[in-house]
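# Structural description and commentary
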Amino acid sequence: VIVQGTYSFNGTRQAVWDLLLDADVIGHAMPGAKRLDRVAPDRYEGLMHVGIGPITAAEFTLVIALRDLDAPRSYVMEVDGRGRFGFTRGTAEVTLHHDGPATTMSYRADLMVGGKIASVGQRLLDTVSRMLTRRGLDAVASELTRRLEALQPSEQERSGDDAGGPAA
Amino acid sequence: MTGPGGVIGRRQVRNEDARLLTGRALFVDDVRLPGMLHVAFLRSEHAHGRLRMVDGSAARRRPGVVAVYTAPDLGDAWRPGPLLVAPVPVPGAVFHEATQVPLARDKVRHCGEPIAMVVADSRYLAEDALGDIVADIEPLEAVVELEAALRAGAPLVHDHLGSNLAAHVVQRKGDWARARADADHLVARRFHYDRGAAAALENRGIVAHWDARAEELTVWDTTQAPIPIRNGLAQMLGLSQSQVRVVAPFIGGGFGPKIMMFYPEEVCLAWAALHLGRPLKWIEDRQENFTATTQERAQIHDAELAVTRDGRILGVRDRFLHDCGAYDTYGLTIPINTQCTLLGLYDVPSYESEFSVVFTNRTLVTPVRGAGRQHGVFVMERLLDIAARGLGLDPVEIRRRNYLRPDQFPHDHGILFQDSAPLVYDSGDYLPALEQAAAMIGYDRFKREEQARARAGGRHLGVGIVSYVEGTGIGPYEGARVTVEPGGTVHVATGVGTQGQGHYTSFAQIVAQSLGVDPAVVEVTTGDTRVFGWGTGTFASRGAVVAGSACHEAARRVRSKVLALASELLAVPVSALALEQGRVFVRAEPARGLSLGDLAGRANPLRGAVKPGTEPGLEATAYFGPDRGSTASGVHAILVEVDPETAMVKVLRYVVVHDCGTVINPAIVEGQIQGGVAQGIGNAFFEQLKYDEHGQLLNASFMDYLLPTSLDVPAVEIAHGHTASPLNPLGAKGVGEAGCIPTGAAFAQAIDDALGPLGLEIREIPLSPSRLFELIEAARLGATARASRDGAAVRPAAPAGETA
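Residues numbered from 1 in each chain as written. Chains lettered and ligands numbered in written order. Predicted model: local features only at pLDDT ≥ 70, side-chain atom pairs only at ≥ 80, totals over all residues. Heavy atoms only, no water.

## Regarding the overall build of chain B
Heads up, the rule is: A helix here means a DSSP run of H or I that spans at least four residues, while a strand means a run of E at least two residues long, and both kinds are numbered starting from the N terminus. Throughout, radius of gyration means the C-alpha value; the globule benchmark is 2.2 Å times the number of residues raised to the power 0.38. Only protein chains enter the area calculation, which uses a 1.4 Å probe; residues under 20% of their type maximum are buried, those over 50% are exposed, and those in between are partly exposed.
Counting its regular elements, chain B contains 19 helices and 30 strands. Taken over C-alpha atoms, the radius of gyration comes to 28 Å for chain B, in line with the 28 Å a tight globule of 804 residues would show. In terms of principal-axis extent, the alpha carbons of chain B reach across some 100 × 75 × 50 Å. By residue count, 62% of the 804 residues in chain B fall in the buried class.

In structure tokens, the structure reads:
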């Protein structure tokens, strides 16, 4: 499965970078995440529930290792998820670009999916992956908005409702 | 064998149907024994990986779990399975043996390969416990694509073999180089055939029970080969053959995969039942079936046909790759079938055929109904269609010009068949079947008027007419025992198992014919090694031919005993006696006679003396082993409508003219053909096992793997030819696979015909609406490109165009 796209955050590159590497933020943003802990500076471990088609509650243990960190520009995630109903392994490349006052993220994940998830959920895998990615990024964007509002309420008021939103 | 009033050839209602339709037939899952435990298997979800560690300790602690076994627990019972079929002794042939193991030990080689086994109080508990097992697998790059698998540096399915080549065979006759040089017209093409599932209604299932007091192991198994399973299990478990009883009861469809042995589950359940002293049951679920039951069909052919200007075949050369999956337990049977069946009904003076069998990280390949024959037929029929188009000949005409004539039989093709015997066709009369099929589908009128009229009305109709042979009824042998019981019923026991073929009726008819009884009073037992312990199994369309001939011979011997005894008791010569309607009587004096039941009672006296040199009872056992297989043949004609916008294909009519020699029961033969055509239509247009580049099967459910439904399969219009086989006393040939062998070729020709102006050329099976849509789009582009290049040959995605 390949999931790729761009996403526009209404915040600075550094602010987005900090959020993306915050286990607490990601743990809450990631759909179905039950837990995500930063066990080393470049390693997270967690547990998530995913439903795809006829598989309604697949539980995965998740290990995410970060490499090639180039703050606040880019990094690569190595993803290794395992569960009773299958597994997923692969990498996701994340790059952040200046886009005026905003930041555009481009991402490309190349994941191998196996087991029951692949053999009976294949038909829905693409759409579910895209939906989960987008929902997760939406959640990060609202967290970003919340933080920025907390820091600079007056500035945020001026920018109105334009915060965040998917660009692709 | 047929004759007026004869039982053979009669459209007899099936003896087994009452039991089947009222739910009284025993299937493996109906076996419920006191104290029975249930088994589930942990299966690899990686296509290829190094198995570093399996830890079942947490699963063992789960309440309700009785045992968890991994490979080391099996001890001496852990060993690779036997090579089922020895490679055909073609000079220069290469064969590297690698057979499956009961539980994976160092490596996993396909998704679905069993790694561990859980025994628990219920299947639910066993399934839950699978989640407690930790299997540490280091994923390896998977071998999936056939050509890539043979390249240097490809990952290896079997490390010790040094390459993924499982076998390499060349068979030749005549002089291909000369044929090619002499040809007026050459056609060279690449053809693809992809995997499909047998998708039997009933999945596999096993119940194993060790009776410690009787010291007997009983295994109920959905196998097509109960006797070889018994023999193998006895050897593996250190028991004598008489201590093992294998029962193959009613089975909801075999189609080939159930002839495979040993499936890991067969070994594991028998071993664990002995080990635990408790009855065990495992019933395969549909999800398991998709990766754990054997599959068939992936081949890539590069074929070339040399013909004269008037369409006569000078020679064929074919090079193909055959995907055997992760293990090559079934030897060379499928690719040899392909190699031999390609020659079809045709007089082919020169033939050069070379194949390589390739290991991949996919489920094992073993014969599935057709067993490689459809590939050969597809290649040959397509080559002829393409040549006909190039020569401006009608597809029917090019076949007409190349059929073997009746005076060319027996016809020795000069190569070896799957049974290691020379490929010699016993008998055949092909042209009448072609003419009859063409007449039945209204071929000439369709081509002359109806097609153009339909097209003027915006409808795209096409006709396909193809022919095939089916090598059937091979050895080594089968046996049967026929017994007349004192109650007057006749009992027949044979070793072949039954999976819906109507054996209870066909065998009854054969025996009834000799014994002058109503087939309804003939009881048949199949597939119980305790009842009959000699034989091989149900495969290669051989049940009626081989076991049927044994039934015939045993019945004939019983008839002699009946008449001899009656002659003695009635004090008249045998020649004065008649045997009809269960009674022997003096022909000139019909009131004087004895019933078969009375005679059976008299043949087994409680006092007095049985004469030396005679046997008690009215019973005989006979065996039949043909020298080689008999060759059935036929022609399929199909009328389709293609919607070029949606690429949906509707089968409007389907005609089969089939010649299986003596027809024992026309209703059963027609059922086999109708069912085979349904399976063939699935293979041609619906069913395809889709693997990704990592060896993951992406459509392992009936949501995504499409079986044809009753709406997609028309009622097949059937006519029978009757060219008797000289190789068996019945004159019979097999029919089990005929319906599905040429279906893909028929589809391809008909779709090409329906979309004629596009210049479409189908070179792959299975199709699907979406794949056909792509091909139609490519043909449209090609047609445009051709037009702009003023007729230059452009065929998108074709490796080779017409070369002469």
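## Brief notes about the state of the cysteines
All names here are of chain B. Selection rule: Two cysteine sulfurs form what is called a disulfide whenever their separation falls within 2.5 Å.
Applying the stated criterion to the full structure yields 0 disulfides over all chains. Unpaired in terms of disulfides, C268 finds its nearest cysteine sulfur in C111, a separation of 19 Å. The thiol of C660 is not disulfide-bonded; the next cysteine sulfur, from C740, is found 15 Å away.

## Notes on the sheet that holds strand β7 (residues 134-139) of chain B
All names here are of chain B. Put simply, the rule is: Paired strands are those between which DSSP finds at least two bridges.
The antiparallel open sheet is built from 3 strands, whose spatial order is β5-β2-β7. Of all the strands in the sheet, the pair left with one neighbour each is β5 (107-108) and β7. Sheet topology note: the strand β2 (residues 49-55)/β7 ladder contains 6 bridges and is antiparallel. By the bridge assignment for β7, G49 is matched with P139.

## Brief notes about the confidence of the model for chain A
Stated precisely, the cut-off is as follows: For every residue, the predictor reports its confidence as pLDDT, a number between 0 and 100. The contact criterion used throughout is that any non-hydrogen atoms of two residues lie within 4.5 Å.
Summing up the model confidence of chain A, the mean pLDDT is 86 and the portion of residues at 70 or higher is 90%. In this model, residues 155-168 of chain A is a region of pLDDT below 50 whose contacts with residues beyond four sequence positions or in other chains number 18 contacts.

## Brief notes about helix α10 (residues 373-391) of chain B
All names here are of chain B. For clarity, the threshold we go by: Every helix has an expected span of 1.5 Å times one less than the residues it contains.
Taking 1.5 Å per residue as the helical rise, α10 with its 19 residues ought to reach 27 Å, and the 27 Å between its terminal C-alpha atoms agrees with that figure. With 16 of 19 residues buried, α10 lies mostly within the body of the structure. In the stretch just after α10, G392 is the one whose phi turns positive, near 70°.

## Topic: the packing of helix α9 (residues 333-341) of chain B against α10 of chain B
Residue and element names in this part refer to chain B. Stated precisely, the cut-off is as follows: Lines are fitted to the C-alpha atoms to define the axes, a helix being fitted only along its stretch in contact, and any angle between axes, read from their N-to-C directions, falls within 0 to 180 degrees. Roughly parallel means an angle under 35 degrees; roughly antiparallel, over 145; roughly perpendicular, 65 to 115; everything else is oblique. In a left-handed crossing the near helix is turned counterclockwise from the far helix by less than a right angle, and in a right-handed crossing that turn is clockwise. All residues other than Ala, Val, Leu, Ile, Met, Phe, Trp, Tyr, Cys, Pro, Asp, Glu, Lys and Arg, Gly among them, are scored as polar; the first ten of these are nonpolar and the last four charged.
Between α9 and α10, the shortest axis-to-axis distance is 7 Å and the interhelical angle comes to 30°. The orientation of α9 relative to α10 falls into the category roughly parallel. Between α9 and α10 the crossing geometry is right-handed. Residues N337, T338 and T341 of α9 lie in contact with α10, whose contacting residues are R373, H375, G376 and V377. Residue classes in the contact of α9 with α10 are distributed as 1 nonpolar, 5 polar and 1 charged.

## A few points about the interface of chain A and chain B
Convention followed: Take the accessible area each of two parts loses on contact, using a 1.4 Å probe, and add the two losses: that sum is the buried area. Side-chain atoms alone can form a polar contact between residues adjacent in sequence; in general such a contact is a pair of N or O atoms within 3.5 Å, and within protein one must be able to donate a hydrogen while the other accepts it.
Residue-level contacts link 17 residues of chain A with 17 residues of chain B. Considering only the side of chain A, the residues that lose the most area to chain B are R84, M112 and S119 of chain A, jointly responsible for 34% of the buried surface there. Where chain A packs against chain B, one counts 5 residue pairs in polar contact (both at pLDDT 80 or more). For the side of chain A that touches chain B, the elements supplying multiple residues, two or more each, are β6 (86-99), β7 (102-114) and α3 (116-151) of chain A. Within the side of chain A that touches chain B, the residues separate by chemical class into 7 nonpolar, 6 polar and 4 charged.

## Focus: the sheet that holds strand β3 (residues 43-52) of chain A
All names here are of chain A. Spatially, the 7 strands line up as an open sheet ordered β1-β7-β6-β5-β4-β3-β2, and their pairing is antiparallel. Only two strands of the sheet have a single partner each, and these edge strands are β1 (2-9) and β2 (33-40). Geometrically, the sheet is characterised by an average inter-axis angle of 25° between neighbouring strands, direction not taken into account. Inspection of the sheet shows β3 paired to strand β4 (residues 55-70) by 9 bridges, in the antiparallel sense.

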